[in-house]
Amino acid sequence: MPPFPQAAEVSTKDERLRGNLRHATHTIRDKRATAVAELADWPELRSAGARIKDHTLRHLDHYLEQLEEAVTAAGGTVHWAADAEEANRIVTRLVRDTGEREVVKVKSMATQEIGLNEALERAGIAACETDLAELIVQLGDDHPSHILVPAIHRNRGEIREIFRTRMGHWGRAAPEGLTDDPADLAEAARLHLREKFLNAKVGVSGANFMVAESGTLVVVESEGNGRMCLSLPETLISVVGIEKIVPTWRDLEVFLQLLPRSSTAERMNPYTSMWTGTTEGDGPRHFHLVLLDNGRTDILADQVGRQTLRCIRCSACLNVCPVYERAGGHAYGSPYPGPIGAILTPQLDSMATGLDASLPYASSLCGACYEVCPVAIDIPEVLVHLRERVVQGGTVTVRGQRTTVKPARGHAAERAAMRAAAWTFDHPGVLRAGERLASRARRMVPHRVPGPGRAWTDTRDLPALPPESFRDWWRRTRGPGRDAAQSRGGADGREGAAG
């Protein structure tokens with residue numbers, strides 16, 4: 001994938017995309033603000049969610065072992081996957097063991113992260129998405145562009161055309177004379193998916209939460225497709241990131257208040273599905289839980305970056321981000337777009353690509369993402385932390401090993417400028433002389449600069465230099481001599497008035 005600036009340069013020129021994004025994000029965030037305002041204790045809930053997540057991450061080894069014991073005792077089987085390749089291998093083997101060549105899926109970002117659909121396809125297994133937006137994306141040979149609304153970049157006319165031309169290749173074709181009315185589109189999807197659900201022998205899911213004390217998994221969704229995928233197949237395989245765990249049912253209650261209000265602006269999700277292992281005569285006969293690391297323990301080793309693992313995938317940060325609103329999700333080159341993607345993707349990949357090095361700069365650092373985050377992830381803090389790593393390099397954890405990474409290419413001039421600035425600020429006399437020289441030569445300063453600075457001034461002018469520095473202004477207007485003169489003048493004035 002190209003670096004973010006190159007991808008964003010293309011997407012920001014798409015007026016229809018920007019219109020779709022503007023309408024959708026503004027609508028969602030306005031509704032969210034109303035839903036959140038209903039709770040007088042929202043700040044306390046937010047703080048509780050952050051504390052629960054931080055506690056769990058500090059004791060992650062303990063809670064994961066507790067979860068494994070509980071799932072196994074309830075009749076499930078737990079598999080551990082260190083990376084995407086191992087997770088895909090495990091799931092592919094489990095599906096092959098059933099003899100099936102098609103699976104139904106309930107929306108899962110973890111499976112998008114590891115490229116499970118593509119891995120299954122290479123093994124001759126079709127993975128059918130059942131979330132409406134994910135279905136639109138799959139039928140259109142597209143990629144998700146939003147965490148909550150993956151097809152946010154598509155309008156009704158585009159969806160109608162996708163259904164009309166592509167739905168028959170995956171199963172039941174769209175009805176003749178299909179219109180772009182939302183009810184007609186939903187009905188076409190319902191008829192198509194109902195056949196998939198009734199014939200499915202294997203389901204693949206993610207999970208929003210896992211409860212360590214009982215081995216219970218939780219999926220929250222709005223369409224009912226999740227309930228179908230979780231209850232109808234004979235075999236259920238759930239692929240879940242290890243950070244999705246919470247210690248107790250009491251802890252889960254906090255997140256079942258935070259998540260729906262922050263994502264869909266609802267008091268609770270229409271469907272909250274929970275399952276614990278297997279039960280004879282009720283639901284799948286075989287349950288497999290694949291616990292996915294894929295860089296998460298490396299993130300945990302970073303004292304600043306580890307707060308990223310609090311994320312509950314609500315997408316609130318996307319809906320308030322001015323950069324996401326204009327660039328769209330595809331520019332981030334990852335299943336995780338927006339502000340959370342700008343800090344999560346580089347850490348999962350250990351800053352290994354040009355895209356990873358560019359994502360921490362896909363932000364204005366306005367702080368809106370932090371203000372709406374239901375678990376108080378300080379995304380701007382992590383962005384600045386990752387920018388430092390891009391420019392300076394340093395020691396990081398990669399696959400459990402402490403490794404020194406080199407600075408990313410293209411930042412030599414920035415490093416030199418920062419070193420020069422640091423030296424100048426350590427020498428007040430040099431700083432003062434430089435400020436005076438810059439003020440006197442201000443008329444000669446161009447609006448744009450050549451060389452490495454050109455990328456910055458391609459989209460903005462250099463700020464105008466003032467006629468004098470702050471230090472000189474302060475000395476002239478607030479200096480000791482000025483204060484003494486004002487004091488003498490005030491005393492003389494008062495004496496004259498009294499006489």
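In this text, all values refer to a predicted model and were calculated from it rather than measured experimentally. (Residues numbered from 1 in each chain as written. Predicted model: local features only at pLDDT ≥ 70, side-chain atom pairs only at ≥ 80, totals over all residues. Heavy atoms only, no water.)

Draft legend 1. Inspection of the confidence of the model for the chain at higher detail. Averaged over every residue, the pLDDT of the chain is 91; the share at 70 or more is 96%. Low pLDDT, under 50, characterises residues 490-499; the predicted model gives this stretch zero contacts beyond four residues in sequence or across chains. (pLDDT = per-residue confidence, 0-100. Contact = heavy atoms within 4.5 Å.)

Draft legend 2. Local environment of the packing of helix α20 (residues 412-425) against helix α21 (residues 428-440). As a packed pair, α20 and α21 sit with axes 6 Å apart at the nearest point and diverge in direction by 110 degrees. Relative to α21, the element α20 lies roughly perpendicular. Contacts between α20 and α21 pair Trp-423, Thr-424 and Phe-425 from the former with Pro-428, Val-430 and Leu-431 from the latter. By residue class, the composition of the contact of α20 with α21 is five nonpolar, one polar and no charged. (Axes fitted to C-alpha atoms, helices over the stretch in contact; angles between N-to-C directions. Helix = DSSP H or I, 4+ residues; strand = E, 2+ residues; numbered from the N terminus. Parallel < 35°, antiparallel > 145°, perpendicular 65-115°, else oblique. Nonpolar A, V, L, I, M, F, W, Y, C, P; charged D, E, K, R; others polar.)

Draft legend 3. Local environment of the side chain of Arg-310. Here Arg-310 is to be found in the loop between α13 (296-300) and α14 (316-320). In terms of polar contacts, Arg-310 uses its side chain to reach the backbone carbonyl oxygen of Val-375, at 3.0 Å. Excluding anything up to four places from it in sequence, Arg-310 contacts Ala-50, Lys-53, Asp-54, Leu-57, Val-375, Ala-376 and Ile-377. (Polar contact = N/O pair within 3.5 Å; in protein donor to acceptor, adjacent residues only side chain to side chain.)

Draft legend 4. Geometry of the pairing of strand β11 (residues 394-398). Note that β11 and strand β12 (residues 401-405) share five bridges and pair antiparallel. The residue bridging Val-398 from the neighbouring strand is Gln-401, located in β12. In sequence, β11 turns back onto β12 through a hairpin of two residues, with Arg-399 there showing a positive phi of about 55 degrees. (Pairing = 2+ DSSP bridges.)

Draft legend 5. Highlighting unusual backbone geometry. Phi is positive for Asp-141, which is not a glycine, with a value near 50 degrees. With phi around 60 degrees, Leu-365 is a residue other than glycine that occupies positive phi space. The residue Leu-365 is located in the loop between α17 (354-358) and α18 (368-372) in this model. When its relative accessible area of 33% is taken as the criterion, Leu-365 is described as partly exposed. (Buried < 20%, exposed > 50% of the residue type's maximum accessible area, 1.4 Å probe, protein only.)

Draft legend 6. Looking closely at the pattern of salt bridges. Under the criterion given, the structure shown has 26 salt bridges. Between Asp-141 and Arg-166 there is a salt bridge; the shortest N-O distance is 3.8 Å. Here Arg-166 lies in helix α9 (residues 156-170) and Asp-141 lies in the loop between α8 (132-139) and α9, a separation of 25 residues in the sequence. The class for Arg-166 is partly exposed, based on a relative accessible area of 25%. (Salt bridge = Lys/Arg side-chain N within 4 Å of Asp/Glu carboxyl O.)

Draft legend 7. Structural context of the nonpolar core. Core analysis: the biggest nonpolar cluster contains 83 residues, and Phe-4 and Leu-289 have the highest contact counts within it. Once you skip the residues sitting within four places of it in the chain, Phe-4 turns out to touch Val-323, Ala-327, Ala-331, Tyr-332, Leu-355, Ser-358, Leu-359 and Ala-362. (Core = buried A, V, L, I, M, F, W, Y, C linked by side-chain atoms within 4.5 Å.)

Draft legend 8. Local environment of helix α12 (residues 249-263). Look at α12: 21 Å from first C-alpha to last across 15 residues, which is about the 21 Å you get at 1.5 Å a residue. Remark: Ala-265 follows α12 within two positions and exhibits a positive phi of approximately 60 degrees. (Expected span 1.5 Å × (residues − 1).)

Draft legend 9. The arrangement of the environment of Asp-41 in detail. Within the secondary structure, Asp-41 is located in the loop between α2 (15-37) and α3 (42-58). The spatial distance from the C-alpha of Asp-41 to the C-alpha of Asp-349 is 37 Å, given a sequence separation of 308 residues.

Draft legend 10. Expanded view of the sheet that holds strand β6 (residues 216-221). Spatially, β8-β5-β6-β9 is the arrangement adopted by the four strands of the open sheet, whose pairing is mixed. Of all strands in the sheet, those bounded by a partner on one side alone are β8 (245-246) and β9 (271-276). Alignment of β6 against β9, held across six bridges, turns out to be antiparallel. From the neighbouring strand, Thr-216 faces β9, where its bridge partner is Thr-276.

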